[in-house]
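What follows is the residue order along each chain.
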Amino acid sequence: MKEPLLKRDRVYDFLAPVVIPEALLDTRHGPILYLEDITVTFDGFKALNNLNLTIGDGELRCIIGANGAGKTTMMDVITGRTRPDYGSAWFGSRINLLGMDEPAIAAAGIGRKFQKPTVFENLSVQGNLELAAAGNKGVWRMLSAPLSAEQRDAVNEVLSLVNLQAVAAHVAGTLSHGQKQWLEIGMLLMQRPRLLLLDEPVAGMTSAEIERTTELLLELAGTHSVVVVEHDMEFVRSIARRVTVLHEGSVLVEGKMQDIQNDPSVIEVYLGE
Amino acid sequence: MDYRPVIVMRMFTLLVLVSLWVAVPVSAADDPDVSFASVLAPLNTRDFEAKSRAIAAISELKHERAGIVLQALLDGSLSSAKSTKRIVLVREIETGYEVEDAVTAAPLGMLKRTELKRVSVNNKLRRQLRELIAHRALGANDPVARRKAVEAMTDALDATGRALLIKLRSTESDDDVLHAVDIALAIADLESSSTEERNDAIDTLHGSLNPLARGRLAALVAADDTADDTRRAAASALTAIEQRVAFFEFLQVIFFGLSLGSVLVLAAIGLAITFGVMGVINMAHGELIMLGAYTTYVVQLLMPQHIDWSLLVAVPAAFMVAALVGIAIERGVIRFLYGRPLETLLATFGVSLVLQQAVRSIFSPLNRSVSTPSWMSGSIEINSVLSLTYNRLTIIIFTLVVFAALMAVLRYSRLGLEVRAVAQNRAMARAVGVRGSWVDAMTFGLGAGVAGVAGVALSQLTNVGPNLGQAYIVDSFMVVVFGGVGNLWGTLIAGMGLGVANKFLEPSAGAVMAKIVVLVFIIVFIQKRPRGMFPQRGRAVEN
Amino acid sequence: MLMRLFDSDRAGSVMLTLLALLIAVVPVANLLVPPESSLHLSTYTVTLLGKYLCYAILAIALDLVWGYCGVLSLGHGAFFALGGYAMGMYLMRQIGERGVYGNPELPDFMVFLDWQALPWYWQGFDHFWFALVMVALVPGLLAFVFGWLAFRSRVTGVYLSIITQALTYALMLAFFRNEMGFGGNNGLTDFKDLLGFDLQAGSTRVALFVVSAVSLAVVYVSCRAIVNSRLGRAVVAIRDAEDRARFLGYRVHYFKLWVFTFSAVLAGIAGALYVPQVGIINPSEFQPLNSIELVIWVAIGGRGTLWGAAGGAVLVNYAKTSFTAVLPEVWLFALGGLFIVSTLLLPRGLAGLFKRSKDAS
C-alpha cells in the first residue's frame, strides 16, 4: 500500500492531473444532460421545484418561460454556480455535475453564454478567443507555455465561423452588441464543448444578425448539444425542434413548437394572469 | 458553658450605654451652643487623651452640628484661630481660607494659613472618630445612610457597636439595613467561642456578597483549630459565596460588554446606512464621528454655565453639523462615483484626511477635554460585586434610543420608504417618481448625522482629538460586515456581540490581545461567510 | 527575448534607461565629486533616492494585484513591514555586544524586558541568507494563507479591501506589544552594520542605493514579463469579467492567489531594502494609513501600467518630502486633495493623461 500523503495529487486538488473530458463523457445511453428532482430555495422561495429535464446528445432545445420561471437558476445549477438543495444532475451517464466547481464543469465540456454578453473588454477579439482555447488552464502552464499551433489554428477557424475576422485585432470593448454576442459564442466554441447553454443569444440583435445567428446555431446542432433560453418567439420558432416551457420552477410542458402554442396550460400561464 | 458570663457582661454594657443615652441631653439642656462650645474647648490642647474625651463628649451631644464637627475633625478641616482660640471650620478656596464658627456656623471671613492652627488627630483618634460617626449615622433618617453606617462598623465590631446594632435591629424597619445588621453581627459571631453561635453565623453568611464575610470564612476554613463540622459548613458557605460572586461578575462583564458594544453599534450604525443601504464606502465616516465630538466641545464652550444641559443641545447640533458635511461630501464627491466602490473608498479617504487636518488647524493637534454632566457620574450599586455606572448605562440606553429612532425613520417615514425603494431598484424607483439624487443626499446625510450623534456619545468616553475617528473606522466596518451588509438588526447584534466577546477575552488575554483575537476572528469569519451573520439571499444578490 | 518584451513598452524602456543612468551617475556624484562642487550629491540625498526606489518597488507590487488583477489590497504595507522586520532582525543580531547593555546574545530591548534567552523565532537570523529567505517567505506565507482563505470563499471588492485593512491593523496592534518580541513601540533600530559594512558609511549607502535600483529594474522586468505572458492576459480577463473566466474553465482563485502572494513577496523585498537605508523599523509601518497612501501613489501614477505606479511613488514621495519640510500642516490637505482629484478627474492617473495626449497628437 502506498503512503497516501506521498501522492500529493490526492491531497491538493490543484496538483491533480487534468482529466480529458471526452474520455469520461459517456452518452451511449442517449441523454447528454440529465436533471432529476432539482430543487433550489432562496429564503423560502422555491426558484426551482422538482425540476426534471433531459437533453439528448446533439439536440437543439429551446427553453421558454416567464420571468422568474427558473431559467437562469437552472443554468446556474448545471454550471456549478448554485448548489441545489436536493436532486441530481448528470452530464452523460458518468459525470456527476453536483460534485464539481465551475471551472471543472467548463473543462468537462459545458459552455455557458450569459444573458448580458460578457467578453473581456480590454483584450483584443483574438486575445479573447485565445484565452478561451481548450487546454491546460493552470497558473504555471499559462505563465510558461505559449499558445500551441493547434490552438492558433482553432482561433482562426472560430474567427471565420462567427464572422469576426475583420475585427480580430480590435479591442473587444469597441464591438457592437451583436458582435459581442458572437464573440462570446465563439469563445464557448474555443472550449470545444459538448453542450452549449445560451442565455438569450439574440437579444439586441438586428434582424440580419438574428438570421446569421440562426444559421450558426443550426450548424452547431448535431455535433454539439445546444440549449437556448430565449424570449424572442420568432427566433424560437425558426430554430426549435423541441421546446420546454418552465413555470414556477418546474417543467410545465415539453413538446413540438406547434403543440406548445396550442397547449391550454401554456396559454393560461402566458395570457391568463 | 462559658457563654453566660459573656451575656451578663454585654447586658451590663448595654445598661451603661442606655443610661448614658438618656442622661446626656439632660445635662446640656439649658443652652446647647454654650455647652457645645465648652465641650469643644479641650480640642485646643496637645493632649490626645483630653481630645479623645472631648470627642466622646461631642458625640454624646444631641447638637445638630456635632456630626459636621466630627467629620471635619476627621477630614482635617477643623482648626483653631490663633487670635481668638475659637474652634473654626476651614474651607480652602482659591484665594485663601474661608472660616466659619464650628458651633454656630457663623461666617468669620477669610484668614491666612498662618493665622490658623489645625486640630491634629492621631490614628487612635481617627478610629474613634470613624466609629462615632458611624454610630451617629445609625440614627440617621435616610435608610441608605444607616446601611452605610452599619457596613462601616462591620470591619471591627466591638462590644459597644454590637450592642448598638442589636438595639437597631429591634427598631429598624428597612430590609436592607436589617440585612446589613445581620451580616455584621454574623461576621462578629464567627469569632465567637460558642460553636452554636458560630454555626448560626455561618448559616447567615451562606452566599453573602460582603467581601469581609468571604475573607473571614476563608480564614476560618484555613485555620488549624477549626472543628471539622464548622469547617465543612464554612467551606460550603464559601462555595456559595464564590458562586454568587462569579455570577455577578459575569453580569458585570456582560454590562461592560454591552456598553462597549453600544459604542461599536453607535459608531457603526451610520455606516450601516451609507454602506448597507447605498453601497457606498465612506472612509470619512470616522471623521464625521470626530466632528460630532468636536461639536460637543464647542457647545460646551458656548454654554459653560450649563454643562448638565449641554449634551441635550449637542445631540441635535452634532447631527446637523455632521449631516451637512455628509451631504456636502455626497454632492461634491461621491455622486460622481456611484457604481465604482473602490474609487469611492479612495476619494472619501482623501476627504477624511482633509477633515482631520482641518480640525488640527482650527482647534489644535492636542486633545480637547469635554466635561461630563454631573448626572452621568456615579453608579447604581446593586451589591458589592455588581455596580452599573451611570455613564455606561446612559450610553446603552442612548444607543438603543438612536437605533429605535433610526428604524422608525426607515420604516415609517416617507424618506425611509424612498431609501428602501432606491436601495432595491434605482431605475424602478426613479420611474415611479422618486428623486434618486435627492434620496441619495438625504440618506447620506442621515448616515452622517447619526455618526455625529455617535461622536457626542464618544466625547464622554474617550479623548476628543483629530485621530478620534481613525480609531473607530476599522471597528465600524467590521461590525457592519460581520452583521451582514444592509441589515440594521445585524449591525446591532454584531456590535453588542463583539463588545461582550471583547470584554470576556480581556481578563485572560489583555485588552490589545482581545482586540486582535476579535479582529482575526472576524477576518476568518468573513472568509467563511462573506455576507455576514444575517445575509440577504437570492439570485439578485449573487449577480 | 528581453528586447521583445520592450517592443511595445516605450515608457518602460525609458524608465530602465533612467535607472541605468542613476546607477552610473549617483556613485560618481557622491563618492568621487568633491563635496564643495555643485555636482556633488550628498549622502542624505542618496539615501532619500534609495528610499524612493524602495517605494517604487512596493508600488509596482501593488499595481500587479490592483491594476492587473483588480484586487485592491489595503494591507500591502503589512507585507512591506514584515520584510522590513525580517531584515531588521538580521541587523539587530549583527549589533552583537555593541548594544547599550553589551549582551552578546540578546538585543537591548530583550535585556531591558529581562528576557533570559532568544525566542525561537529569532533563531537563525544571525545568518544573512536565512534573513533573505525570511524576507520573501514570511510575507509570502502570510499572503498565501490569507489569500487562500479569502479568494477561495470569493471575498471580493470592498470586502477584501476592508479585511486586508483589518489584517494590517491587527498586525500593528500585535507588534506594538512588547511580549511579541519585536521591540514593541520602538521597533528595531540602532543598527550597526550589514555583512560587515558600516551602515553609516557613505559607500555603504551608495551600495544600498545601487542594489535598490537594480532590484527595481529586475522587479519591473519580471512583472512586465508576467503581464505580457498568457498568464498576464488571463489575470486581466479575471479582473474584467471574473465569472466569464470561471465559466471558461479558469480556477480564478488560484490566479488571484498566485499574483497576491508574488506581489506580497515583492513588497517584502522592498521593505528589506528600505530598512537598512532608513535605519529603523517600527509598528507604525503597519498602520492602515501607510497602506492606503501607497494606493494613492499607484492611482496617481496610473494603475495597470507598472511604470506609472513606480513614477507615482517617486513623485508623491518627493512632494511629501518637499511639503513636510516647508509646510508640514499643508501636506495632509494636499494628500487628501490628491486622493479626491485623482479619483474624480484622473481615473487612469498621470500615465493615462500621458497616453491620451500621445493618442491625440
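Everything that follows concerns the structure shown earlier in this document.
Residues numbered from 1 in each chain as written. Chains lettered and ligands numbered in written order. Predicted model: local features only at pLDDT ≥ 70, side-chain atom pairs only at ≥ 80, totals over all residues. Heavy atoms only, no water.

Engineer: Describe the overall build of chain B, naming the residues involved and giving the relevant values.
Structural biologist: Check the secondary structure of chain B and you find 22 helices and 7 strands. Computed over C-alpha atoms, the radius of gyration of chain B comes to 32 Å, more than 25% over the 24 Å expected from 2.2 N^0.38 for 543 residues, which places it beyond the range of a compact globule. Once the C-alpha set of chain B is aligned to its principal axes, its extents read approximately 95 × 65 × 40 Å. Residues counted as buried form 47% of the 543 residues belonging to chain B. Long-range pairs, those at least 24 residues apart, make up 66% of the contacts in chain B with a sequence separation of at least 6. Accessible surface computed for chain B: about 26400 Å², of which carbon and sulfur atoms make up 60%. (Helix = DSSP H or I, 4+ residues; strand = E, 2+ residues; numbered from the N terminus. Rg over C-alpha atoms; globule rule 2.2 N^0.38 Å. Buried < 20%, exposed > 50% of the residue type's maximum accessible area, 1.4 Å probe, protein only. Contact = heavy atoms within 4.5 Å. Areas by Shrake-Rupley, 256 points an atom, 1.4 Å probe, with all protein chains shown as cover.)

Engineer: So what's going on with the interface of chain C and chain B? Residues and values would help.
Structural biologist: Each side of the interface is counted separately: chain C has 38 residues, and chain B has 41 residues. Counting the surface lost from both chain C and chain B, the interface buries some 3500 Å², and carbon and sulfur atoms represent 79% of this. Counting across the interface, chain C meets chain B through 1 salt bridge. Viewed at the interface, chain B and chain C are joined by 1 residue pair in polar contact (both at pLDDT 80 or more). Of all the secondary structure elements, the ones that give two or more residues to the side of chain C that touches chain B are α6 (128–152), α7 (157–176), α12 (288–301) and α14 (328–344) of chain C. Top element by residues in the side of chain C that touches chain B is α7(C). It accounts for 13 residues. By residue class, the composition of the side of chain C that touches chain B is 27 nonpolar, 7 polar and 4 charged. (Buried area = accessible area lost by both parts, 1.4 Å probe. Salt bridge = Lys/Arg side-chain N within 4 Å of Asp/Glu carboxyl O. Polar contact = N/O pair within 3.5 Å; in protein donor to acceptor, adjacent residues only side chain to side chain. Nonpolar A, V, L, I, M, F, W, Y, C, P; charged D, E, K, R; others polar.)

Engineer: How would you explain the packing of α6(C) against helix α11 (residues 252–278) of chain C if you had to name every residue and give the values?
Structural biologist: Residues and elements named next belong to chain C. Relative orientation of the contacting elements α6 and α11 amounts to 150°, with a least axis distance of 8 Å. Taken together, the axes of α6 and α11 lie roughly antiparallel to each other. Both α6 and α11 take part in a crossing whose hand is right-handed. Across from Val 135, Ala 136, Pro 139, Gly 140, Ala 143, Phe 144, Phe 146, Gly 147, Trp 148, Phe 151 and Arg 152 in α6, the residues of α11 making contact are His 253, Tyr 254, Lys 256, Leu 257, Phe 260, Thr 261, Ala 264, Val 265, Gly 268, Ile 269 and Ala 272. The class makeup of the residues in the contact of α6 with α11 is 15 nonpolar, 5 polar and 2 charged. (Axes fitted to C-alpha atoms, helices over the stretch in contact; angles between N-to-C directions. Parallel < 35°, antiparallel > 145°, perpendicular 65-115°, else oblique. Left-handed = near helix turned anticlockwise from the far one by under 90°.)

Engineer: Give me the pairing of strand β2 (residues 45–56) of chain A: which residues, what numbers.
Structural biologist: Residues and elements named next belong to chain A. Bridge analysis of strand β1 (residues 31–42) against β2 gives 8 bridges, and the strand direction is antiparallel. Looking across to β2, one finds that Pro 31 is bridged to Gly 56. Counting the residues in the hairpin turn of β1 and β2 gives 2 residues, including Asp 43, whose phi is positive at 50°. (Pairing = 2+ DSSP bridges.)

Engineer: How would you sum up the sheet that holds strand β4 (residues 86–91) of chain A? Please name residues and give values.
Structural biologist: By way of backbone hydrogen bonds, the strands of a sheet pair with one another, either parallel or antiparallel. Residues and elements named next belong to chain A. The strand order β2-β1-β4-β5 describes an open sheet built from 4 strands, whose pairing is antiparallel. Single-partner strands in this sheet number two, and they are β2 and β5 (95–96). Sheet topology note: the β1/β4 ladder contains 5 bridges and is antiparallel. Bridge assignment links Leu 33 to a residue of β4, and that residue is Phe 91. Those strands touched by helix α3 (residues 71–78) are β1 and β2, and its axis lies near 115° from that of β1.

Engineer: If you had to explain the side chain of A:Ser225 to someone new, which residues and values would you point to?
Structural biologist: Residue and element names in this part refer to chain A. Tracing the sequence through the fold places Ser 225 in strand β8 (residues 225–229). At 2.8 Å, the side chain of Ser 225 forms a polar contact with the backbone nitrogen of Gly 58. In this view, Ser 225 contacts Ile 32, Gly 56, Asp 57, Gly 58, Glu 59, Arg 194, Leu 195 and Leu 196; residues no more than four positions away in its chain are not counted.

Engineer: So what's going on with the packing of helix α14 (residues 341–362) of chain B against α7(C)? Residues and values would help.
Structural biologist: Running from N to C, α14(B) and α7(C) cross one another at 40°; their axes reach a closest spacing of 9 Å. As the angle between them shows, α14(B) and α7(C) are arranged oblique. Contacts between α14(B) and α7(C) involve B:Pro341, B:Leu342 and B:Leu345 from the first element and C:Gly157, C:Val158 and C:Ser161 from the second.

Engineer: Talk me through the pattern of salt bridges; I want residue IDs and the actual numbers.
Structural biologist: If you walk through the whole model with that rule in mind, you get 26 salt bridges over all chains. The shortest N-O distance in the salt bridge between C:Arg251 and A:Asp101 comes to 2.9 Å. Remark: A:Asp101 occurs in the loop between β5 and α4 (102–108) and C:Arg251 occurs in the loop between α10 (242–247) and α11; the pair is interchain, linking two chains. Between A:Glu215 and A:Arg212 there is a salt bridge, with the nearest N and O atoms lying 3.9 Å from each other. Within this pair, A:Glu215 and its partner A:Arg212 are both found in helix α9 (residues 207–220), separated by 3 residues, close to a single helical turn. A:Glu215 sits in the partly exposed class, given a relative accessible area of 48%. Through salt bridges with shared partners, a single ionic network connects A:Arg81, C:Glu242, C:Asp243, C:Arg246 and C:Lys256.

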